[in-house]
Amino acid sequence: MFACGAGAQLYTRHSSGEWVDVVPETTLAEQGRNSGNMGQILSGEIDLRAAVTALQQRKDFNFLAEGNEGDVLIGGSFGLIAQVKQGIYRDFQLKDEPEIVFLEAMQDDSSIVAVGTVSRSVAVYKGSLGDGLFRVGKSGETMSATAAVFWKDTLYIGTSLGLFRFRDNVFSKVSLGRNKAEPVVALSSVGEVLWIVTSDMLYRLDNNEIKAIPKPEE
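About the criteria used
- Residues numbered from 1 in each chain as written.
- Predicted model: local features only at pLDDT ≥ 70, side-chain atom pairs only at ≥ 80, totals over all residues.
- Heavy atoms only, no water.
- Pairing = 2+ DSSP bridges.
- Helix = DSSP H or I, 4+ residues; strand = E, 2+ residues; numbered from the N terminus.
- Axes fitted to C-alpha atoms, helices over the stretch in contact; angles between N-to-C directions.
- Salt bridge = Lys/Arg side-chain N within 4 Å of Asp/Glu carboxyl O.
- Buried < 20%, exposed > 50% of the residue type's maximum accessible area, 1.4 Å probe, protein only.
- Core = buried A, V, L, I, M, F, W, Y, C linked by side-chain atoms within 4.5 Å.
- Contact = heavy atoms within 4.5 Å.

S.K.: Got a minute to help me understand the sheet that holds strand β12 (residues 145-151) in this structure?
M.R.: Remark on secondary structure: sheet strands pair via backbone hydrogen bonds, oriented parallel or antiparallel. Spatial strand order, β12-β13-β14-β15: four strands in an open sheet with antiparallel pairing. Unpaired on one side and paired on the other, β12 and β15 (170-174) mark the two borders of the sheet. Adjacent strand axes in the sheet meet at a mean angle of 30 degrees, parallel and antiparallel pairs treated alike. In this structure, strand β13 (residues 154-159) lies alongside strand β14 (residues 162-167), joined through five bridges in antiparallel fashion. Across the sheet, Y156 pairs through a bridge with R165, a residue of β14.

S.K.: Is there a simple way to explain the pairing of strand β1 (residues 2-5) in this structure?
M.R.: Two faces belong to every sheet, and in a regular strand the side chains alternate between them. The sheet contact formed by β1 and strand β2 (residues 9-13) spans four bridges and is antiparallel. Among the inter-strand pairings, F2 is bridged to a residue of β2, identified as T12. Once β1 ends, the chain turns through three residues before running back antiparallel as β2, passing G7 with a positive phi of about 70 degrees.

S.K.: For this particular structure, what's the right way to read the pattern of salt bridges?
M.R.: Charged atoms that come close allow side chains of opposite charge to pair. With the rule as written, the count across this model stands at seven salt bridges. The partner of K59 in a salt bridge is D91, and the shortest N-O contact between them spans 3.2 Å. Taken as a pair, K59 in the loop between α2 (48-56) and β4 (61-66) and D91 in strand β7 (residues 88-93) lie far apart in primary sequence, 32 residues in all. By relative accessible area, K59 is classed as partly exposed at 23%. As a salt-bridge pair, D206 and R204 come within 3.4 Å of each other at their nearest N and O atoms. Given a relative accessible area of 28%, R204 falls into the partly exposed group.

S.K.: I tried to follow the nonpolar core on my own but got confused; where do I start?
M.R.: Most often, soluble globular proteins keep nonpolar side chains buried together rather than apart. Counting residues in each nonpolar core, the largest one holds 16 residues, and the members touching the most others are F102, V115, V122, V124, L155, I157 and F171. Of all the secondary-structure elements, those providing two or more residues to this core are β8 (99-105), β9 (112-118), β10 (121-128), β12, β13 and β14. Tallying contributions element by element places β12 first for this core, with three residues. Sequence-distant contacts of V124, that is, excluding residues within four places in its chain, are made with V113, A114, V115, F134, R135, V136, G137, L155, I157, F166 and F171.

So this is what it looks like as structure tokens:
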């Protein structure tokens, strides 16, 4: 089990129940840098432009995935894509600086697919750590990405405006059978079933049929 968070925090849980810092030097250096930047901002030692630049260089971890070689892939804020392999940490930043909410290593061509929010739109990226990831699609609607998952070899993306399918580099809305737009908060692919969680409903998508399951009454 792995867990991540702001300030380059990355931990693994051993069978004994102990949480162990995976990249302690990176975590310590990032938290020290953040503390120094915040002190400078509060004291007025740096101007607003420099402060914004410092914040955009933060290593805040949002999402974890397993790479094709057992490595750990990390998606973060401001376009951060990182890898931990055999205890060695390396990262780079996407030019668009999206807020990454999803990463997956593709088995067929060893590429990486990422989903994030940039400039109030949802964007999809594909590439590799060696050559970089490049944007292959961007939504035309104003919305933010909340989750994503591959189901039946197709990428499904949860957004603030509902569920979308991304296929052949094109976004298409997936109707959940209700008139109002429901923000999707989580997605999960289990076998032949796609589970969609919204703020007040649970949906089961199976054989192209959607079943709505209301949340229990409080």
